Amino acid sequence: MNELCDTLETFIDGELAPVDAENFRHHLTRCHACEARMKELLALELIADDALHASGDTLPFVRPPSLLKRRRTWMMVVPLALAAGLAAWVLVTRPASSTDSSELWLGQTPGRTLEARLTHPGADRHRPYEVMRSGGDKPRALSLRELAKLEEAGDERGIASAYLLRGDPAQAGAFLDKLDASPDLDSDRAALALQRGAPEEALALADRALKQRPEHVQALWNRGLALKALGLSLQAAEAFDRVAAMKEPGWSDEAAQRATELRRQEEEQRKGWKGAKQRCDDMVLGGGVLSPAEVARHPGLSRLCFYDALRTATLAERVESLRPLAVQLDRVDGGTHLEDALRRAARVDFEARAPLAKEYVRLTRGELAPAARDTLIAKLREAQQEDILLGALLFVSDPRQHEEEYRALALATKDPWFALLAEERQAKADLQRGQAPRALTRLTVALRTCDSEQRFSYRCLELLRNLSLVERQLHRPVEARTHGLAALARARGGREWSKEFRLIQELGQVAIFHGDLSLARAYMEEAILRTPERCEDHELPYANLALAYYRTFDFAGAREQLDRAAKCGRPPSLARAFVIADLAHTHARSDMDADLLTRGLAAIRTTPASLEAAGDGPMLRHIEGRFFVEQDRRRGQALLRQAITEAAPLLASDVTARKARVYSYTSLILDAAHHGELEKALALFAEERSLALPERCALGVTVDDERTALVARDASGRLLGHYDADRRQRLEGVEGLVPAKLVDALRDCPSVDVLARPPVLGKPGLLPPDLAWTYRVAPPPPASSPHAQRRLVVADVNAPAELRLPSLRAWSPPAAEDSSLSTLKGASATPTQVLLAMHEATEVQIHAHGVVDPHVADGSLLVLSPEEQGGRYALTAADVQGQRLLGRPVVLLAACHAAHSTTYFHETFGLPVAFVEAGARAVLAATQEIPDTEASAFFEPVLERIRAGIPAALVLRDARQDWLRSRGSAWVRQVLLFE
């Protein structure tokens, strides 16, 4: 012990080698006998300090050198875990604050390499931002000594900040995961997301921090960076303006400079496009031809104006003057299509063409009424002026008119520009006929001609934009966003400012569909800022902003946006009418809404061009019913019933019609539950899914924004209900959603059929695990001749190497031979082969990895072996939709997250529901991870008992309870049954 105490003095003097010192630290924390010597040394230090303090300036007390050395070393290395008697001393002499370490925060460098801001004080010192032309520094090593200081202080946020500064987001994320939720954590996570190239995620995190602390300066800064990365320059400038207003040394000046530069760049883009558009318009009217520099900057707009300038040329000399423009544009897109058009135009009879060309000019300027337009089209047809006729037909708002004529004229030009335009126009006609899937196929095929060389980029931009619109109609927000962003990239590459403006609005609508309300608000507010002088352009942004605020239960905010839209004096669009109807049951409704809604719906119905799809008609009827059911129940109910009837013939092809039907049932169910009409409410739950009215053991559940309605029928047939309008945040989990009195009423049921509607359908934990229950998705299949038993097992797949997924245990076949069993394994287990093999199967087991990737698919996906052609490996809900599972199989999805679904207000989109709707009798799947070592042991006995004819809900309940008792593995609570 004396040796240890002697070593203590050597340790304090700093004379131990680093390795010996580290070993000694370990022993020191356990050495209570050294406490007396520690106190003695401490007393000497304090005496020296007192003497120094008392000496004043005239008689300085000279501390012995050994004590000075001991004091400095002691302050650096004494561990936090010293004996209790020294605890107070430790608090005084623990290592200096990590904010003082310049090496830790890279303070020795003249500039900073991290553009984002961190909340740790040491990491948030302003230095000029430096961008390395090599693409950035390699991650810098973090000193273990400095890291030890942070660990000793328990400073996980500091460690994460140090790693972020060094470009190591993986390590930073691991330490941020240890922190409690707070605005600071959200802001730092936003910085992490920016470093990973995920600006949408960064925006949502920054917004969440600002919702709790509106003046959180680091979150404001990071929000500005996220908006800048998304190309939302004016929104980003406003965020930096708010930082500049806080007058922080260094940061505020940089923020002001950033805001100024962002506005300057945006104004340059806007003025550049508007100037080019004006010169194009002048050229069409016979003015000067665009310069080569203008064509290079705006090739798409230039080609568009070339065609119109050629149509309006009344002299051969004018046609010839366009030749340099034709040559340059042909070099951009390839071929000699424009020079060929010049040669054709030069041969026409200009005396006959001139008056028609002048009328076409009036048409382009909006000076011809529809009747005069139709007369011009007839004259052009008679005079065989096909090129002008092609242009004139585009001014017919309904693409279904002259559809075949336009296509024939377009293809006759042999110009790819017009071939692509013909496909685009026919896709619009398909959409208006309620044939959205056909439009989707047409646009997808047409886009195959759009290569990476950016030829005909303007037309490809429009194809992508229209594909995104169709996918939004089909409620495929992941795909709609992907193609919308691709169109936006082309618009920015071609400096098509007007197209960019429209795409920003449309991507905002996609974000609303996808539930990303933070991103939706950013897009819509950017659109308003970009055209402050054009109130008529703000209808769509204001309406969608109102919807975004409504979805976050900010009804007053939604009303404010509606009132801003009303100031523009235009009748409500369909989107604004929807929000007016939504607010009818809230305190934010207005006495003026009934008249405003009626006028708006009338204007929409009399303007066919405002109806994008066949399902818009039933949707208008729903909006009217949704509003008036809150004012006049009988009238509102009749309108909602009419919407359901009108939607019925369109359900197979039109998502808008399906939404109108679902939303109308929502309004009817909530109305019945609110007024205590429980029998009627339960009947509506059953009617919607074509089920017989349950006589016992059923639970209906619906949630719509802040309102919840539940109806239960117990084992004796007694009805119980619950209705409230108290929710103030979006529904996430459903545990506790069903009141205890309803749960208790259902305990005598052998099993419970749950008629849950989106967004509840598919969520785990709705009822306790000791109850047998199932999500009843569809009615039982019609009786038919029994299929021979055909069991299909998909296992041992070859997951793509780039996914870096661990290999699962090899699947073991049953000991006894089973002639009904077939397998797809290894390279054969591709999505195409699996879908084909499932058609006749009566039981399907898929043992694979399940992945949730919102950038690839809604819901989860199953990772199968890649196809030889194209490498496709994912089996998604969209792949299963439309399949016909003739064997009515029981399906086991033995994959992590296989029951994870994306819930919208009109549907739950995921693998289990897709399988049931394709014909599966029952689907077993889990919403969370499944341990590979336990999956088969749990599921094999379950399937065996189901094959024996025992109801699946009972089998699952018993197996779950046995498993929880014997093994305690909580994952079985997340296994759901869909029937």
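Q: Quick question: what am I supposed to make of the overall build of the chain here?
A: Within the chain, the regular secondary structure consists of 42 helices and 16 strands. Looking at the chain as a whole, 53% of its 979 residues are labelled buried. Restricting to contacts in the chain with at least 6 residues of sequence separation, those with at least 24 account for 65%. Put simply, the chain shows about 44000 Å² of open surface, and 52% of that area lies on carbon and sulfur atoms.

Q: Whenever I open this one, the packing of aromatic side chains confuses me. Can you help?
A: Each aromatic ring pair is summarised here by two numbers: the centre-to-centre distance and the angle between the ring planes. For the coordinates displayed, the defined rule picks out 20 aromatic pairs. A ring pair is formed by Phe 578 and Tyr 663, whose centres lie 5.8 Å apart and whose planes are at 85°; its orientation type is edge-to-face. Of this pair, Phe 578 sits in helix H31 (residues 574-582) while Tyr 663 sits in helix H35 (residues 655-674); the two residues are 85 residues apart in sequence, bridging distant segments of the chain. You'll find Phe 578 and Tyr 663 in the same group, each marked buried. The aromatic ring of Tyr 549 is capped on one face by Arg 521, whose charged end is 5.6 Å from the ring centroid. Sitting over the face of the ring of Phe 628, Arg 635 holds its NZ or CZ atom 3.7 Å from the ring centroid.

Q: Explain the packing of helix H24 (residues 436-446) against helix H25 (residues 457-473) to me, please; I cannot follow it from the model alone.
A: As a packed pair, H24 and H25 sit with axes 10 Å apart at the nearest point and diverge in direction by 155°. As far as their axial angle goes, H25 and H24 are roughly antiparallel. Relative to H25, the crossing made by H24 is left-handed. Listed contacts from H25 to Ala 436, Ala 439, Leu 440, Leu 443, Thr 444 and Ala 446 of H24 are Leu 463, Asn 466, Leu 467, Val 470 and Glu 471. In the contact of H24 with H25, the residues fall into eight nonpolar, two polar and one charged.

Q: Help me understand the sheet that holds strand E10 (residues 861-863), please; the structure alone is not making it clear to me.
A: In a beta sheet, neighbouring strands are held together by backbone hydrogen bonds and run either parallel or antiparallel to one another. The strand order E9-E10-E11 describes an open sheet built from three strands, whose pairing is antiparallel. The open sheet terminates on both sides in strands that have one partner only, identified here as strand E9 (849-851) and strand E11 (874-875). Bridge count for E10 against E11 is two bridges, and the pairing is antiparallel. In the strand pairing of E11, Leu 862 is matched with Leu 875.

Q: It is not clear to me how the pattern of salt bridges should be interpreted in this structure. Could you clarify?
A: Any two side chains of opposite charge can pair, given that their charged atoms come close. Tallied over the full model, the rule gives 81 salt bridges. The partner of Arg 213 in a salt bridge is Asp 184, with the nearest N and O atoms 3.4 Å apart. Of the two residues, Arg 213 is situated in the loop between helix H10 (199-212) and helix H11 (217-229) and Asp 184 in helix H9 (residues 183-195); the sequence distance between them amounts to 29 residues. Between Lys 277 and Asp 281 there is a salt bridge whose closest N-O contact spans 2.9 Å. Taken as a pair, Lys 277 and Asp 281 lie in helix H13 (residues 251-284) at a separation of four residues, close to a single helical turn. A relative accessible area of 29% places Asp 281 in the partly exposed class. Where salt bridges share partners, they join Glu 403, Arg 407, Glu 423, Asp 430, Arg 433, Arg 438 and Arg 442 into one cluster.

Q: Can you walk me through the nonpolar core in this structure?
A: One recurring pattern in soluble globular proteins is that nonpolar side chains are buried together. The biggest cluster of nonpolar side chains holds 160 residues, and the ones touching the most others in it are Phe 306, Leu 310, Tyr 406, Phe 418, Leu 583 and Ile 623. When sequence neighbours within four positions are dropped, the list of residues in contact with Phe 306 reads Met 283, Leu 322, Leu 325, Ala 326, Leu 329, Leu 338 and Leu 342. With 62 residues, the next largest nonpolar core counts Ala 841, Ile 846, Val 891 and Val 913 among its residues.

Q: How should the packing of helix H34 (residues 633-647) against H35 be read in this particular structure?
A: Any two packed helices are characterised by the angle at which their axes cross and by the distance between the axes. One can describe the packing of H34 onto H35 by two numbers: an axis separation of 8 Å at closest approach and a directional angle of 150°. In terms of orientation, H34 lies roughly antiparallel with respect to H35. In this structure, H34 meets H35 at a crossing whose hand is left-handed. Contacts between H34 and H35 pair Arg 633, Gln 637, Leu 640, Arg 641, Ala 643, Ile 644 and Ala 647 from the former with Ala 657, Arg 661, Ser 664, Tyr 665, Ser 667, Leu 668 and Asp 671 from the latter. Here the contact of H34 with H35 is built from residues that sort into seven nonpolar, three polar and four charged.

Q: Please clarify how the state of the cysteines should be interpreted in this entry.
A: Note: disulfide means a covalent bond formed between the sulfur atoms of two cysteine side chains. By the definition in use, this model includes three disulfides. With its sulfur 1.7 Å from that of its partner, Cys 535 forms a disulfide with Cys 568. The disulfide joining Cys 535 to Cys 568 has a torsion of about -75° about its S-S bond and is therefore left-handed. Taken together, the positions of Cys 535 in the loop between helix H28 (517-530) and helix H29 (539-551) and Cys 568 in the loop between helix H30 (555-566) and H31 put the pair 33 residues apart, joining distant regions of the chain. Judged by relative accessible area, Cys 535 falls into the partly exposed class, the value being 30%.

Q: Please explain unusual backbone geometry as it appears in this structure.
A: Leave glycine aside and you will find that most residues have negative phi; peptide bonds, for their part, are mostly trans. A cis amide bond, omega 10°, links Pro 758 with the succeeding residue Pro 759. Mapped onto the elements, Pro 759 comes out in the loop between strand E4 (752-756) and strand E5 (773-775). Positive phi is not limited to glycine here, since Lys 247 has a value of about 55°. Among the residues examined, Lys 247 registers a relative accessible area of 68% and is labelled exposed. One non-glycine residue, Asp 796, lies in positive phi territory at about 50°. Its location among the elements puts Asp 796 in strand E6 (residues 791-797).

Q: Even after reading the chapter, I still don't get the side chain of Arg 117, so can you show me in this structure?
A: Secondary-structure assignment places Arg 117 in the loop between helix H5 (87-93) and helix H6 (144-152). Of the residues examined, Arg 117 reaches a relative accessible area of 1% and is grouped as buried. There is a polar contact of 2.8 Å between the side chain of Arg 117 and the side chain of Asp 124. Setting aside residues no more than four positions away along its own chain, Arg 117 makes contact with Asp 124, Asp 188, Ala 191, Val 217, Gln 218, Trp 221, Asn 222, Val 243, Glu 248 and Trp 251.

Q: Looking at this model, I keep getting lost on the confidence of the model for the chain. Mind explaining?
A: Do not read the predicted coordinates in detail wherever pLDDT is low. Chain-level statistics for the chain give a pLDDT mean of 85 and a share of 85% at 70 or above. Across residues 133-137, where pLDDT falls below 50, the model places two contacts with residues more than four positions away in sequence or in other chains.

Q: Looking at this structure, how should I read the environment of Ile 946?
A: Looking at the element boundaries, Ile 946 is found in helix H41 (residues 935-947). A sequence separation of ten residues divides Ile 946 from Leu 956, and the C-alpha atoms of the two residues are 9.2 Å apart. In contact with Ile 946, other than residues within four places in its own chain, are Val 890, Leu 924, Ala 952 and Val 955.

Q: Would you mind going over the pairing of strand E15 (residues 922-926) with me for this structure?
A: Regular strands place side chains that alternate from one sheet face to the opposite one. Summarising burial for E15: five of the five residues are buried, a large majority. Side-chain alternation along E15 places Ala 922, Leu 924 and Ala 926 on one buried face and Val 923 and Ala 925 on a second face that is also buried. Pairing of strand E12 (residues 890-894) with E15, which is carried by four bridges, proceeds in the parallel orientation. Across the sheet, Leu 892 pairs through a bridge with Leu 924, a residue of E15. Across four bridges, the pairing between E15 and strand E16 (residues 975-978) is antiparallel. Within E16, the residue paired with Ala 926 across the bridge is Val 975.

Conventions and cut-offs
- Residues numbered from 1 in each chain as written.
- Predicted model: local features only at pLDDT ≥ 70, side-chain atom pairs only at ≥ 80, totals over all residues.
- Heavy atoms only, no water.
- Helix = DSSP H or I, 4+ residues; strand = E, 2+ residues; numbered from the N terminus.
- Buried < 20%, exposed > 50% of the residue type's maximum accessible area, 1.4 Å probe, protein only.
- Contact = heavy atoms within 4.5 Å.
- Areas by Shrake-Rupley, 256 points an atom, 1.4 Å probe, with all protein chains shown as cover.
- Phe/Tyr/Trp six-rings, centres within 6.5 Å; stacked < 30°, edge-to-face > 60°.
- Lys NZ or Arg CZ within 6 Å of the ring centre and 35° of its normal.
- Axes fitted to C-alpha atoms, helices over the stretch in contact; angles between N-to-C directions.
- Parallel < 35°, antiparallel > 145°, perpendicular 65-115°, else oblique.
- Left-handed = near helix turned anticlockwise from the far one by under 90°.
- Nonpolar A, V, L, I, M, F, W, Y, C, P; charged D, E, K, R; others polar.
- Pairing = 2+ DSSP bridges.
- Salt bridge = Lys/Arg side-chain N within 4 Å of Asp/Glu carboxyl O.
- Core = buried A, V, L, I, M, F, W, Y, C linked by side-chain atoms within 4.5 Å.
- Disulfide = S-S within 2.5 Å.
- Polar contact = N/O pair within 3.5 Å; in protein donor to acceptor, adjacent residues only side chain to side chain.
- pLDDT = per-residue confidence, 0-100.

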